[in-house]
Amino acid sequence: MPEFIIFMHSDSATAETDTDWEAYIAMLHASGKFCGGSSIGNGHAYRDGRLIGPAFTQISGFIRVQAEDIAAARTLLEGNPTLQAGGTVEILELVKS
(Lines give C-alpha, C1' and ligand atoms only; values in the text may rest on other atoms or scores of the structure.)
Protein backbone atom coordinates (compact mmCIF):
# COMPACT_ATOMS: atom_id res chain seq x y z
CA MET A 1 0.00 0.00 0.00
CA PRO A 2 1.37 3.48 -0.83
CA GLU A 3 2.66 5.71 1.94
CA PHE A 4 2.08 9.44 2.25
CA ILE A 5 3.63 12.13 4.36
CA ILE A 6 1.47 14.89 5.78
CA PHE A 7 3.34 18.09 6.59
CA MET A 8 1.85 20.54 9.08
CA HIS A 9 2.84 24.19 8.72
CA SER A 10 3.31 26.59 11.62
CA ASP A 11 0.73 29.04 10.28
CA SER A 12 -2.28 28.09 12.41
CA ALA A 13 -4.65 30.91 13.29
CA THR A 14 -5.14 29.56 16.83
CA ALA A 15 -3.12 27.39 19.17
CA GLU A 16 -3.31 23.63 18.85
CA THR A 17 -3.53 21.72 22.15
CA ASP A 18 -1.77 18.56 23.26
CA THR A 19 -5.20 17.08 23.97
CA ASP A 20 -6.26 17.68 20.36
CA TRP A 21 -3.10 16.03 19.06
CA GLU A 22 -3.44 13.04 21.42
CA ALA A 23 -7.00 12.41 20.21
CA TYR A 24 -6.01 12.78 16.54
CA ILE A 25 -3.00 10.45 16.82
CA ALA A 26 -5.14 7.91 18.71
CA MET A 27 -7.67 8.00 15.84
CA LEU A 28 -4.87 7.43 13.30
CA HIS A 29 -3.52 4.51 15.37
CA ALA A 30 -7.02 2.99 15.53
CA SER A 31 -7.34 3.28 11.74
CA GLY A 32 -4.30 1.01 11.29
CA LYS A 33 -2.87 3.49 8.77
CA PHE A 34 -0.47 5.40 11.05
CA CYS A 35 3.23 4.85 10.26
CA GLY A 36 4.83 7.46 12.50
CA GLY A 37 5.48 11.15 12.78
CA SER A 38 7.05 13.88 14.84
CA SER A 39 7.09 17.54 15.70
CA ILE A 40 9.91 19.43 13.98
CA GLY A 41 12.06 21.95 15.83
CA ASN A 42 14.52 24.61 14.72
CA GLY A 43 17.37 23.79 12.37
CA HIS A 44 20.02 25.14 10.03
CA ALA A 45 20.30 25.43 6.26
CA TYR A 46 23.52 24.47 4.44
CA ARG A 47 24.73 25.04 0.89
CA ASP A 48 27.98 23.69 -0.51
CA GLY A 49 28.81 22.39 2.96
CA ARG A 50 28.56 25.84 4.54
CA LEU A 51 26.02 27.10 7.05
CA ILE A 52 23.87 29.77 5.39
CA GLY A 53 21.49 30.45 8.27
CA PRO A 54 18.39 29.09 9.96
CA ALA A 55 16.25 26.51 8.18
CA PHE A 56 13.78 28.09 5.76
CA THR A 57 10.86 25.80 6.48
CA GLN A 58 7.70 26.66 8.32
CA ILE A 59 6.94 22.97 8.72
CA SER A 60 6.17 22.23 12.35
CA GLY A 61 5.60 18.47 12.10
CA PHE A 62 4.87 15.48 9.93
CA ILE A 63 2.84 12.28 9.95
CA ARG A 64 3.37 9.20 7.76
CA VAL A 65 0.30 7.20 6.79
CA GLN A 66 -0.63 4.32 4.50
CA ALA A 67 -3.54 4.83 2.14
CA GLU A 68 -4.83 3.47 -1.17
CA ASP A 69 -4.32 6.86 -2.88
CA ILE A 70 -4.06 10.56 -2.09
CA ALA A 71 -7.85 10.88 -1.86
CA ALA A 72 -7.89 8.19 0.84
CA ALA A 73 -4.98 9.91 2.60
CA ARG A 74 -6.99 13.14 2.57
CA THR A 75 -9.77 11.45 4.55
CA LEU A 76 -7.24 10.96 7.37
CA LEU A 77 -7.11 14.74 7.83
CA GLU A 78 -10.47 14.60 9.62
CA GLY A 79 -9.76 16.02 13.09
CA ASN A 80 -6.22 17.23 12.24
CA PRO A 81 -5.51 19.97 14.82
CA THR A 82 -3.53 22.13 12.39
CA LEU A 83 -6.43 22.20 9.92
CA GLN A 84 -8.95 22.78 12.69
CA ALA A 85 -6.88 25.77 13.85
CA GLY A 86 -6.94 27.28 10.35
CA GLY A 87 -3.44 26.15 9.37
CA THR A 88 -2.00 24.56 6.24
CA VAL A 89 -1.20 20.90 5.64
CA GLU A 90 0.37 19.21 2.63
CA ILE A 91 0.01 15.58 1.56
CA LEU A 92 2.76 14.07 -0.58
CA GLU A 93 3.25 10.51 -1.76
CA LEU A 94 6.44 8.81 -0.63
CA VAL A 95 7.78 7.30 -3.84
CA LYS A 96 9.44 3.90 -3.54
CA SER A 97 12.65 3.81 -5.54
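For the structure given in this document, a descriptive report is provided here. (Residues numbered from 1 in each chain as written. Predicted model: local features only at pLDDT ≥ 70, side-chain atom pairs only at ≥ 80, totals over all residues. Heavy atoms only, no water.)

### Section: the overall build of the protein
- Scanning the protein for helices and strands turns up 3 helices and 6 strands.
- Going from N to C terminus, the protein has its helices and strands arranged as β-α-β-β-β-β-α-α-β.
- Put simply, 77% of the contacts in the protein that link residues at least 6 apart link residues at least 24 apart.
- A gap of 10 Å separates the mean positions of the 6 positive and 12 negative side-chain charges of the protein. (Helix = DSSP H or I, 4+ residues; strand = E, 2+ residues; numbered from the N terminus. Contact = heavy atoms within 4.5 Å. Lys, Arg positive; Asp, Glu negative; His and termini not counted. Charge placed at Lys NZ, Arg CZ, Asp CG, Glu CD.)

### Notes on helix α1 (residues 18-31)
- The terminal C-alpha atoms of α1 lie 20 Å apart, and with 14 residues this matches the ideal 20 Å at 1.5 Å per residue to within 8%.
- Among all positions in α1, only W21, Y24 and L28 are buried. Down the axis of α1, the buried set is contained in an arc of 70°. They therefore lie on one face. α1 presents D18, T19, E22, A23 and A30 as exposed residues on the side facing more than 90 degrees away from its buried surface.
- Buried residues along α1 sit against β1 (3-9), β2 (34-39), β5 (59-66) and α3 (81-84).
- At the exit of α1 stands G32, carrying a positive phi of roughly 75°. (Expected span 1.5 Å × (residues − 1). Buried < 20%, exposed > 50% of the residue type's maximum accessible area, 1.4 Å probe, protein only. Arc of directions from axis to C-beta.)

### Considering the packing of aromatic side chains
- Counted by the stated rule, this structure contains 1 aromatic pair.
- Both rings, one in W21 and one in Y24, keep their centres 5.8 Å apart while their planes meet at 75°; by these two values the pair is edge-to-face. Highlighted residues: W21 and Y24, both in helix α1, separated by 3 residues, approximately one helical turn. (Phe/Tyr/Trp six-rings, centres within 6.5 Å; stacked < 30°, edge-to-face > 60°.)

Remember, this is a structural readout, not a statement about activity or role.
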